[in-house]
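Architecture at a glance
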Amino acid sequence: MEVLLALLIGILVTASVYLMLARNVMRFLFGLVLLSNAANLTIFVAGRLTPESPALVPAGMLTPQGLVANALPQALVLTAIVIGFGLFAFALVLVYRGYDALGTLDTDAMRHAEPIEDNEPTAKGKLEGTSL
Amino acid sequence: MSWLLALPVILPFATAVLVFLLRSRGAAGRWLSVAGCGLLLVVSILLMAATWREGVIAAQMGGWPAPFGITLVADLLSAVMVLITAITGLAVAVYALADIDERRETLGYHALFQILLAGVCGAFLTGDIFNLYVWFEVMLIASFGLLVLGGDKAQLDGGIKYVTLNLVSTVMFLTGIALLYGLTGTLNMADLHGAVREVENQGLLTVVAVVFMIAFGVKAAVFPLFFWLPASYHTPPVAVSAVFAGLLTKVGVYALIRTFTLIFTEDTAYTHNLLLVVAALTMVTGVLGAAAQNEFRKILSFHIVSQIGYMILGLALYTPLALVGAVFYLVHHIIVKANLFLVSGVAKRLTGSFELSAIGGLYKSSPFLAVLFLIPAFSLAGFPPLSGFWAKFLLVKASLEVEAYLIAAVALVVGLLTIFSMTKIWAEAFWKPHPEGKEPVLSALDARARMALMAPILALATLTIIIGFYPEPFVIFAERSAAQLLDPALYVRAVLGAAT
């Protein structure tokens, strides 16, 4: 089970790095979602997996009986999911507003905060210079 | 006692709620924000006094004993960081009276500003690494809001880069926490101090240490992770970028100092040497980046990066004197850097631009402002007898003590190059006549705006001078603080001992 989840985390990270290397901000954001899910799964696995033994207190008892799943990582993941969701919602709106105002999703074309100076090769020139 | 630890977080949150309700009432909200910061200052002075008396104080929130509950803990470093946060907060809140336009006020500038202060104080006071993550998020979301508030094109552009890169660092931080928890089974930082020594695979622990280093490195803006900073810090209003410049990166530095003195101290040959290389490169790239800029706030932004290098240097050398230097540097730098941003705002008001080529004449027509620029600028560069001189002196002396001559040389040369940048601002903005023949006099501002803008600058400059001329109490303080960092036994006992 751990191996399976470790592989899944690996695949998620691979895909997210691939997406985040794109110039398009939307692809970057999707990569970020995958990465944060990979981090959440890592917390989950780090708490050790104990399948089929939920952390529940039987009726009439004060503590759970026997070996039960570690509830702390689940609480952490829940917190992380909520925070990650909020931040991602903000980032999406920001990118949408950015697209509205700047008219592009291409990070190379976003030069309002750092305008191209006269003595600097333009983004276009740079692209022509490299043969891909 | 536990109230004293919780109040620096509760107060700004309470103020935030109130000023949010009053956001369209103009003056009421503004002054409430100032009052909130004043109260925060009072509380942080009390907290400082308590930690000075008792060493380390800790409180368990919700009555759950450590290491299970959420611990708030203040040693001298935490206390001084909270104090300096309150000072910067108050200065910027007063400055914001005249700097923030009505539109941004209605959108909730003051509320976000208070939430940012709460997040920063929370990060300084928490004793739990997952809680530290939560406070980082509180701080981040507030800073996101502040950065793009108003929605100028440049702000959105800078904001996208700031938000995306900081989110990546957040995820790294979270992954680091997961791995550390997997290795040790605890999240309480005092408990981690002991638990990491029992980890069988110490190599794995070093890997986790580097994950944390990268996560905090992005926040602290060290080489090669600083690119979000000069891309965004010059875009929002000055009352936003001054508080960012003063506090945000320093939370990253604080987190680095905390984790790399309390938790990751087993393999210092690797981790702290890596930090030393990072420190040198950060100093050099920052100062060279600044030399290439021609915009007031962009120069200052690159200097933040360069100065962060000095603080990391103090941590990386990991000797008592070096940590004294790091703590002293941290305190001095926050005051000076926030002040320089505030001065840049006044210069822009008077001359009409941040571009150095388009402004000038400030020395002739407003010599008062010129003097108030020179004090933090020379302090930043390390002129005796200003505060920056002592900070650099301590660090260079610490490097020479361990015979790290190369890093000492780098620190000195970077100081020299800092003077070059400051002279550039001086020559362009202050000395040369205004290209359009404007006479930028301070009296052009109306009396109230002048008071609100100049009072914080004057206060912070006075602090810089006081630290410069009477460094002894500050050095003694930094020495005690560094001793606590190097010997965490007291910290651990305060947190875990309080439970029994």
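We now turn to the structure provided with this report.

Now for the overall build of chain A. For chain A, the count of helices and strands is four helices and zero strands. Listing the helices and strands of chain A from first to last along the sequence gives α-α-α-α. The contacts in chain A between residues at least 6 apart in sequence include a share of 51% that link residues at least 24 apart. Surface summary for chain A: the accessible area is close to 8400 Å², and the carbon and sulfur share equals 67%.

For the rest of this paragraph, the subject is the interface of chain A and chain B. If you look at the interface, chain A gives 36 residues, while chain B gives 34 residues. For the pairing of chain A and chain B, the buried interface totals around 3000 Å² over both sides, and the portion due to carbon and sulfur atoms is 78%. Among the residues of chain A in contact with chain B, Leu 87, Leu 94 and Ala 113 of chain A are the three that bury the most area, contributing 19% of the side total. Connecting chain A to chain B are zero salt bridges. Inspection of the region where chain A meets chain B yields four residue pairs in polar contact (both at pLDDT 80 or more). Only helix H2 (25-46) and helix H3 (71-102) of chain A provide two or more residues apiece to the side of chain A that touches chain B. The element best represented in the side of chain A that touches chain B is H3 of chain A, accounting for 15 residues.

Next up on the list: helix H9 (residues 202-220) of chain B. An α-helical turn contains 3.6 residues, so a residue and the one three or four places further along point in the same direction. Taking 1.5 Å per residue as the helical rise, H9 of chain B with its 19 residues ought to reach 27 Å, and the 26 Å between its terminal C-alpha atoms agrees with that figure. Remark: Ala 221 of chain B follows H9 of chain B within two positions and exhibits a positive phi of approximately 60°.

Attention now moves to the nonpolar core. If you look at the biggest cluster of nonpolar residues, it comprises 220 residues, and the most contacted ones within it are Tyr 109, Tyr 162, Phe 173, Phe 244, Phe 296 and Phe 373 of chain B. Each residue touching Phe 373 of chain B, except ones within four places of it in the same chain, is listed here: Phe 296, Leu 340, Val 343, Met 422, Ile 425, Trp 426 and Phe 430 of chain B.

Residues and elements named next belong to chain B. This structure, assessed with the given rule, holds nine salt bridges over all chains. A salt bridge links Asp 157 to Lys 161; its shortest N-O distance comes to 3.0 Å. Here Asp 157 and its partner Lys 161 are both found in helix H7 (residues 153-184), four residues apart, which amounts to about one turn of the helix. Grouping residues by exposure puts Asp 157 and Lys 161 together as buried.

With that out of the way, let us pick up the packing of aromatic side chains. Residue and element names in this part refer to chain B. The tally for this structure, following the rule as stated, stands at 32 aromatic pairs over all chains. A ring pair is formed by Phe 223 and Phe 226, whose centres lie 6.5 Å apart and whose planes are at 35°; its orientation type is tilted. The class of Phe 223 is partly exposed, set by a relative accessible area of 24%. Residue classification places Phe 226 among the buried residues on the basis of a relative accessible area of 4%. Taken together, the aromatic side chains of Phe 130, Tyr 133, Phe 136, Phe 173, Phe 212, Phe 216, Phe 260 and Phe 264 make up a single cluster linked through ring pairs. Positioned above the aromatic ring of Tyr 310 is the side chain of Lys 392, whose terminal nitrogen or guanidinium carbon lies 4.7 Å from the ring centre. Lying across the ring of Trp 52, Arg 480 places its NZ or CZ 3.8 Å from the centre.

A separate point is the environment of Leu 313 of chain B. Residues and elements named next belong to chain B. Structurally, the position occupied by Leu 313 is in helix H13 (residues 296-317). With relative accessibility at 0%, the residue Leu 313 sits in the buried group. With 184 residues separating them in the primary sequence, Leu 313 and Gly 497 have C-alpha atoms 33 Å apart. With residues up to four places along the chain from it excluded, the contact list for Leu 313 reads Leu 276, Ala 279, Met 283, Leu 395, Ser 399, Ile 407 and Ala 411.

Definitions and cut-offs
- Residues numbered from 1 in each chain as written.
- Chains lettered and ligands numbered in written order.
- Predicted model: local features only at pLDDT ≥ 70, side-chain atom pairs only at ≥ 80, totals over all residues.
- Heavy atoms only, no water.
- Helix = DSSP H or I, 4+ residues; strand = E, 2+ residues; numbered from the N terminus.
- Contact = heavy atoms within 4.5 Å.
- Areas by Shrake-Rupley, 256 points an atom, 1.4 Å probe, with all protein chains shown as cover.
- Buried area = accessible area lost by both parts, 1.4 Å probe.
- Salt bridge = Lys/Arg side-chain N within 4 Å of Asp/Glu carboxyl O.
- Polar contact = N/O pair within 3.5 Å; in protein donor to acceptor, adjacent residues only side chain to side chain.
- Expected span 1.5 Å × (residues − 1).
- Core = buried A, V, L, I, M, F, W, Y, C linked by side-chain atoms within 4.5 Å.
- Buried < 20%, exposed > 50% of the residue type's maximum accessible area, 1.4 Å probe, protein only.
- Phe/Tyr/Trp six-rings, centres within 6.5 Å; stacked < 30°, edge-to-face > 60°.
- Lys NZ or Arg CZ within 6 Å of the ring centre and 35° of its normal.

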